[in-house]
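Residues per chain, in single letters:
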Amino acid sequence: MTKEELQDKIRGSLVGGAVGDALGYPVEFVCSFEEIRAKYGRDGINVYDKSFPWCEDEKGQYKALFSDDTQMTLYTAEGLLEAAGSGRPIVATICNSYLAWYGGQVGRKIRIGYDSSLAGIDELNKRRAPGNTCLSALLSIRNGREPVNSSKGCGGVMRVAPIGLYGASHGWTLEETARLAGEVAELTHLHPLSTYSSAALAVMVQLCVLAEEAIGTVTFKAIVDKTLGVVGEVYGPDAPAMGEFQRVIRNAISLEDARLRDWEVIENGLGGGWVAEETLAIAVFSVIRHIDDFNACMICAVNHGGDSDSTGAVAGNILGAIVGYEAIPEKFTESIQLKKLLLTMADALS
């Protein structure tokens, strides 16, 4: 794989996640696909909603907003890069970056031992429906206490893709990537299903980036199988809830050919994506169902009555790593918020 190919895949994953996030953000709290269809038409939301809160660039052009999912993803990347450049411990440094994000959410500058360039970007620190578990856990850390919860919410899995991207470009083993992503998720979410889902996403992204051949459904199934094997080895096949995690993800794969519409499969068979394993399952289903069509995959991933921005973000992370940035339709890339920053951060990870 050439440097250019690697760079394109890493760009694709980071920008793809932001695209799925921004497409799904306006319908995050809509209760069902029927309600989405009532507003956006028979096929649901399929382009950025210009009636939703949005921002303008310096030329006054429309830019689609992404949510706290992509905000925290970028802070994950910043923490990784800061640790690599300074020799600081990775997990602690990523935690410090999250504290900088938390400061932006509550309107308070927090000293973290280094200058966070992201903390100075106003549009990146506006409140975009931040998760309560992330906020409460980071408040505890800020106050010198260990977070105490049993949350398996998707606030861990939706932010760890940069770990798989960095692992792909820096020769990490899959086991190293899995452990680190799990530990980073555990900064805020302490249920094992959050840990496993986060580890799995990072490994899946790394495998997709490093694949030398074109990835079709058969290859992607093999990637999912390998990912589940790695997670099982790292945490143990008999670890609490490991069997449940494996069943949920394998179920998503098994529904590839279900004779139902996408939203029916998701709402009736995969859940709402409010919890980590469901978020990953919906993303995996959307990717395998539409692996040759980024547009259709994003529409599938966000059109359901659940956590649409998170499922869209994770699906975008995965499929973007498969197809690369240049394959993402311009209707998505040209209007995404902070596109230049996303590309700059992706290039730093590569």
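Along each chain, residue indices are assigned from 1 in the same order as the chain's sequence is written. pLDDT decides what is reported in this predicted model: residues at 70 or higher carry local features, side-chain atom pairs at 80 or more are listed and counted, and totals for whole chains, interfaces and linings draw on all residues regardless. Excluded from the side-chain calculations are hydrogens and water; all other atoms, namely the structure's heavy atoms, are used.

> Go over the overall build of the protein, please, and point to the residues and values.
Secondary structure elements follow DSSP: runs of H or I no shorter than four residues count as helices, runs of E no shorter than two count as strands, and numbering proceeds from the N terminus. Within the protein, the regular secondary structure consists of 16 helices and two strands. Only C-alpha atoms enter the radius of gyration; for comparison, a globular chain is expected to reach 2.2 Å times N to the power 0.38, where N is the number of residues. Computed over C-alpha atoms, the radius of gyration of the protein comes to 18 Å, within 12% of the 20 Å expected from 2.2 N^0.38 for 350 residues, which places it in the range of a compact globule. Counting only C-alpha atoms and orienting by the principal axes, one finds that the protein spans roughly 55 × 55 × 45 Å. Looking at the protein residue by residue over its 350 residues, the buried ones come to 60%. In what follows, residue pairs with any heavy atoms lying within 4.5 Å of each other are defined as contacts. In the protein, once contacts between residues fewer than 6 apart in sequence are set aside, the share between residues at least 24 apart is 75%. Per-residue and other accessible areas were derived by the Shrake-Rupley procedure at a 1.4 Å probe size, with only the shown protein chains allowed to occlude residues. Summing over all exposed atoms, the protein offers an accessible surface of approximately 13700 Å²; the carbon and sulfur share of this is 49%. In the protein, which carries 31 positive and 45 negative side-chain charges, the distance between the mean positions of the two groups comes to 4 Å. Accessibility here uses a 1.4 Å probe with only protein chains present; expressed as a share of the type maximum, an area under 20% marks a residue as buried, one over 50% as exposed, and anything in between as partly exposed. In summary, the charge assignment counts Lys and Arg as positive and Asp and Glu as negative, without counting His or the chain termini. Working definition for charges: the position is that of NZ of Lys, CZ of Arg, CG of Asp or CD of Glu.

> Talk me through the nonpolar core; I want residue IDs and the actual numbers.
Here the nonpolar core consists of buried residues drawn from Ala, Val, Leu, Ile, Met, Phe, Trp, Tyr and Cys, with membership extended through side-chain atoms lying within 4.5 Å. Membership of the largest hydrophobic core comes to 118 residues, with the highest contact counts inside it found for F220, F245, L280 and I318. The greatest single-element share of this core, amounting to twelve residues, is contributed by helix α8 (residues 192-210). Those residues in contact with I318 that sit more than four places away from it in its chain are L201, M204, C208, F220, L280, A283 and V287.

> Hey, could you go over the packing of helix α7 (residues 174-185) against α8 for me, with residue numbers and the actual values?
Only C-alpha atoms enter the line fits that serve as axes; for helices the fit covers just the stretch in contact. Angles between N-to-C directions range over 0 to 180 degrees. Axis separation between α7 and α8 bottoms out at 7 Å; the angle between their running directions is 140°. Comparing their axes, α8 and α7 come out oblique. Between α7 and α8 the crossing geometry is right-handed. Between α7 and α8, the contacting residues are L174, T177, A178, A181, G182 and A185 on the first element and S194, T195, S198, A199, A202, V203, Q206 and L207 on the second. Following the grouping adopted for this structure description, the nonpolar residues are Ala, Val, Leu, Ile, Met, Phe, Trp, Tyr, Cys and Pro, the charged ones are Asp, Glu, Lys and Arg, and the polar ones are all others, Gly among them. Grouping the constituent residues of the contact of α7 with α8 by class yields eight nonpolar, six polar and no charged. Orientation categories follow fixed angle ranges, with anything under 35 degrees roughly parallel, anything over 145 roughly antiparallel, 65 to 115 roughly perpendicular, and all other angles oblique. Handedness of a crossing is defined here by the sense of rotation of the near helix relative to the far one, left-handed for an anticlockwise turn of less than a right angle and right-handed for a clockwise turn.

> Run through the packing of helix α3 (residues 68-86) against helix α16 (residues 339-349), naming residues and quoting values.
Viewed as axis vectors pointing N to C, α3 and α16 meet at an angle of 35°, and their least axial separation amounts to 10 Å. Where α3 crosses over α16, the two elements pack in a sense that is left-handed. Only L341, L342, M345, A348 and L349 of α16 make contact with α3, whose side of the interface consists of T70, L74, A77, E78, L80 and L81. Split by residue class, the contact of α3 with α16 holds nine nonpolar, one polar and one charged.

> Explain unusual backbone geometry residue by residue, including any values.
Note: most peptide bonds trans; most residues except glycine with negative phi. Here the phi dihedral of A129 falls at roughly 55°; this positive angle occurs in a residue that is not glycine. Relative to the helices and strands, A129 is located in the loop between α4 (90-106) and α5 (132-142). Unlike most non-glycine residues, L338 shows phi in positive territory, near 50°. When you line up the elements, L338 lands in the loop between α15 (330-333) and α16.

> With reference to specific residues and values, describe the pattern of salt bridges.
Once the charged atoms of two side chains with opposite charge are near each other, the side chains can pair. When a carboxyl oxygen of Asp or Glu lies within 4 Å of a side-chain nitrogen of Lys or Arg, that pair is called a salt bridge. Under the criterion given, the structure shown has 13 salt bridges. K221 serves as the salt-bridge partner of E256, at 3.1 Å between the closest nitrogen and oxygen. With E256 in the loop between α10 (242-254) and α11 (262-270) and K221 in helix α9 (residues 217-235), the pair connects residues that are 35 residues apart, well separated along the chain. By relative accessible area, E256 is classed as buried at 15%. Note on K221: relative accessible area 33%, which makes it partly exposed. When the shortest N-O distance is used, the salt bridge between D225 and R250 registers 2.7 Å. Taken as a pair, D225 in helix α9 and R250 in helix α10 lie far apart in primary sequence, 25 residues in all. Exposure remark for D225: the relative accessible area of 42% places this residue in the partly exposed category. With relative accessibility at 40%, the residue R250 sits in the partly exposed group.

> Can you explain the environment of K152? Please cite residues and give values.
Checked against the element boundaries, K152 lands in the loop between α5 and α6 (161-169). Sequence spacing of K152 and E278 is 126 residues, and the spatial spacing of their C-alpha atoms is 9.9 Å. Aside from chain neighbours lying at most four places away, what touches K152 is H191, L193, S194, E244, V275, A276 and E277. Pairs of N or O atoms within 3.5 Å make up the polar contacts considered here, provided that, within protein, one atom can donate a hydrogen while the other can accept it, and that residues adjacent in sequence are counted only when both atoms are side-chain atoms. Among the polar contacts listed, one links the side chain of K152 to the side chain of E277, at a separation of 2.9 Å.

> Pulling in residues and values, what's your account of the packing of aromatic side chains?
Here a pair means two rings of Phe, Tyr or Trp (six-membered ring of Trp) with centres within 6.5 Å. Their orientation is stacked below 30 degrees between planes, edge-to-face above 60, and tilted elsewhere. As enumerated under the stated definition, the model contains eight aromatic pairs in all. Between F33 and W263 the ring centres are 4.9 Å apart and the planes differ by 25°, which places this aromatic pair in the stacked class. With F33 in helix α2 (residues 33-40) and W263 in helix α11, the pair connects residues that are 230 residues apart, well separated along the chain. Looking at F33, the relative accessible area reads 3%, which means it is buried.

> Account for the environment of A178, with residues named and values stated.
Tracing the backbone through its elements, the reader meets A178 in helix α7. With 148 residues separating them along the chain, A178 and E326 place their C-alpha atoms 28 Å apart. Apart from the residues within four sequence positions on either side, A178 is in contact with A199, V203, V230, V234 and Y235.

> An account of the state of the cysteines is needed here, citing residue identities and associated values.
In this description, a disulfide is simply a cysteine sulfur pair whose atoms lie within 2.5 Å. In total, this model carries zero disulfides according to the counting rule given. No disulfide involves C95; its nearest neighbouring cysteine sulfur is the one of C134, lying 11 Å away. Residue class for C95 comes out buried when judged on its relative accessible area of 10%. Just so you know, C154 is unpaired, no disulfide at all, and the nearest cysteine sulfur is the one on C134, 8.7 Å from it. Residue classification places C154 among the buried positions, given a relative accessible area of 6%.

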